[in-house]
Amino acid sequence: MTAVPSVSFEFFPPKGEKGEEALWASIRRLAPLGPAFVSVTYGAGGSTRERTHATVTRIQAETGIPAAAHLTCVAATREEIDAIARAYWEAGIRHIVALRGDPPPNADGTGGLGGRGYVPHPGGYAYAVDLVEGLRRVADFEISVAAFPETHPEAPSADVDLDNLKRKCDAGATRAITQFFFDDDAFLRFRDRAAAAGIRAPIVPGILPITNFAKAVEFGEKCNCAIPAWFAELFDGLDGDPETRQMVAAKVAVDQCRRLVAEGVDHVHFYTLNRSELTVAICRMLGIRPKADAAAAA
Ligand SMILES: Cc1cc2nc3c(=O)[nH]c(=O)nc-3n(C[C@H](O)[C@H](O)[C@H](O)COP(=O)(O)OP(=O)(O)OC[C@H]3O[C@@H](n4cnc5c(N)ncnc54)[C@H](O)[C@@H]3O)c2cc1C
């Protein structure tokens, strides 16, 4: 029998009433699947500081699911970041996804996703490893960090990038969540290299169910995520055919997750983009059923 992985779901803090409704509709569908945790992102340059806090604390209070707050180093002093972390601890949030973050996009094309042109704040934490160390001083948080199976776009080499991940884990991170990827072999090679480098923290694959292929390609290019030719071909011509695209997207994500589970992965993190349909379908096909259904079937 195929193993059933545990899962986690990532959301972003919504803007406006409609966004809020869409997020909560998704949470109501995804929460019964019993994720190990959910996480809420932190907008570029700290732009969602209040909204991230409000969303994380509300999800944890209303669903009882452990919720993690993403936190970045960008555009803030150490004292400011420490104060945000303390406020999370006081609000009962025990898990932080500690990131360097990317600079807000500039008019000349620098900055933004992928982080080219990042300059540390003079009084701030410079890199994610510094933030992990700072968080350890604030409270006994569970800390997750980012990992890049296809190498972070700014890293001078894959080895330097892996060494950076090792330093983040040695500083106290207990889990690495990867950037999304479509080349499973790249993930598996990365996991082997991490193990050989002495990284004991689990490397959790980040899976992006495709709701908008063009956007995924654009995002992927900035984050060093290769789009295999077979994958692009599958989605070719489906821009105006959302129903077929949705079925294709579910199939490729399920195949990807099944392969990873067969290779020993026991936890999968979904980038939900605040949508539930695909993630619910993928989870069902991986054997994850709403807890109420499972109880009724027992
Ligand atoms: C799971 C996940 C969640 C994310 N959530 C968010 C979010 O909520 N908000 C957001 O803004 N972004 C988010 N990001 C994006 C992330 O902030 C960017 O990818 C960023 O460019 C790198 O962040 P990091 O934490 O990996 O940085 P780091 O680990 O600090 O590494 C960044 C780069 O700097 C290099 N480096 C490390 N130390 C040094 C040094 N001392 N000198 C020179 N170079 C160094 C590394 O090799 C790497 O190339 C997320 C990414 C992932 C994978």
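Preceding this section is the structure that the text describes.
Right, let's walk through the structure included here. Note that the coordinates shown come from a computational prediction; the quantities given were computed from them, not determined experimentally. (Residues numbered from 1 in each chain as written. Predicted model: local features only at pLDDT ≥ 70, side-chain atom pairs only at ≥ 80, totals over all residues. Heavy atoms only, no water.)

### Here we look at the overall build of the chain
What counts is decided by this rule: Only DSSP runs of H or I reaching four residues or more are called helices, and only runs of E reaching two or more are called strands; each is numbered from the N terminus. With C-alpha atoms as the basis for the radius of gyration, the globule rule is written as 2.2 Å multiplied by the number of residues raised to the power 0.38. Partly exposed describes any residue whose relative accessible area lies between the buried limit of under 20% and the exposed limit of over 50%, with all areas from a 1.4 Å probe on protein chains only and scaled to the type maximum. We call two residues in contact when some of their heavy atoms are within 4.5 Å. Using the Shrake-Rupley algorithm and a 1.4 Å probe, accessible areas are obtained, with residue cover drawn only from the displayed protein chains. For the purpose of charge, His is not counted, nor are the chain termini; Lys and Arg are scored as positive and Asp and Glu as negative. Charged groups are reduced to one reference atom each: NZ for lysine, CZ for arginine, CG for aspartic acid, CD for glutamic acid.
Counting secondary structure elements, the chain contains 11 helices and eight strands. Compactness check: the chain gives a C-alpha radius of gyration of 19 Å against a globular reference of 19 Å for 298 residues, within 12% of the reference. The principal-axis extent of the C-alpha atoms belonging to the chain is close to 50 × 40 × 40 Å. Expressed as a percentage of the 298 residues in the chain, the buried residues total 50%. Excluding contacts between residues fewer than 6 apart, the proportion of contacts in the chain whose partners are at least 24 apart in sequence is 79%. Counting every atom, the chain has about 13800 Å² of accessible surface; 53% of that belongs to carbon and sulfur. When the 32 basic and 38 acidic side-chain charges of the chain are each reduced to a single mean position, those positions are 4 Å apart.

### Details of the packing of helix H6 (residues 184-196) against helix H9 (residues 242-262)
Applied cut-off: Axis definition: a line fitted to C-alpha atoms, over the contacting stretch in the case of helices. Angles run 0 to 180 degrees between N-to-C directions. Put simply, angles under 35 degrees are roughly parallel, angles over 145 are roughly antiparallel, angles from 65 to 115 are roughly perpendicular, and the rest are oblique. Definitions for this section: a left-handed crossing has its near helix turned counterclockwise from the far helix by less than a right angle. A right-handed crossing has that turn clockwise. Any residue outside Ala, Val, Leu, Ile, Met, Phe, Trp, Tyr, Cys, Pro, Asp, Glu, Lys and Arg is labelled polar, Gly included; the first ten of those are nonpolar and the last four are charged.
Closest axis-to-axis distance for the H6/H9 pair is 11 Å, and the angle between their directions is 25 degrees. The orientation of H6 relative to H9 falls into the category roughly parallel. When you trace H6 past H9, the crossing you get is right-handed. The segment H6 lies against H9, with Asp184, Asp185, Phe187 and Leu188 engaging Gln256, Arg259 and Leu260. Residue composition of the contact of H6 with H9, grouped by class: three nonpolar, one polar and three charged.

### Regarding the site of the ligand
Put simply, the rule is: Distances are taken per atom, and a residue is near a molecule or strand as soon as one of its heavy atoms is within 4 Å of it. Polar contacts, as counted here, are pairs of nitrogen or oxygen atoms within 3.5 Å of one another; within protein the pair requires one atom able to donate a hydrogen and one able to accept it, and residues that are adjacent in sequence qualify only if both atoms are side-chain atoms.
Around the ligand lies a shell of 23 residues, among which Tyr42, Asp102, His152, Asn164 and Lys168 are the nearest. A distance of 2.8 Å separates an oxygen atom of the ligand from a polar backbone atom of Arg100. Take Ala155: an N or O atom from its main chain is 3.2 Å from an oxygen atom of the ligand. For the ligand, whose accessible area on its own is 980 Å², the fraction buried by protein is 84%. For the shell around the ligand, the secondary structure elements donating two or more residues are strand E3 (67-72), helix H5 (158-170) and strand E6 (175-180). Top element by residues in the shell around the ligand is H5. It accounts for four residues.

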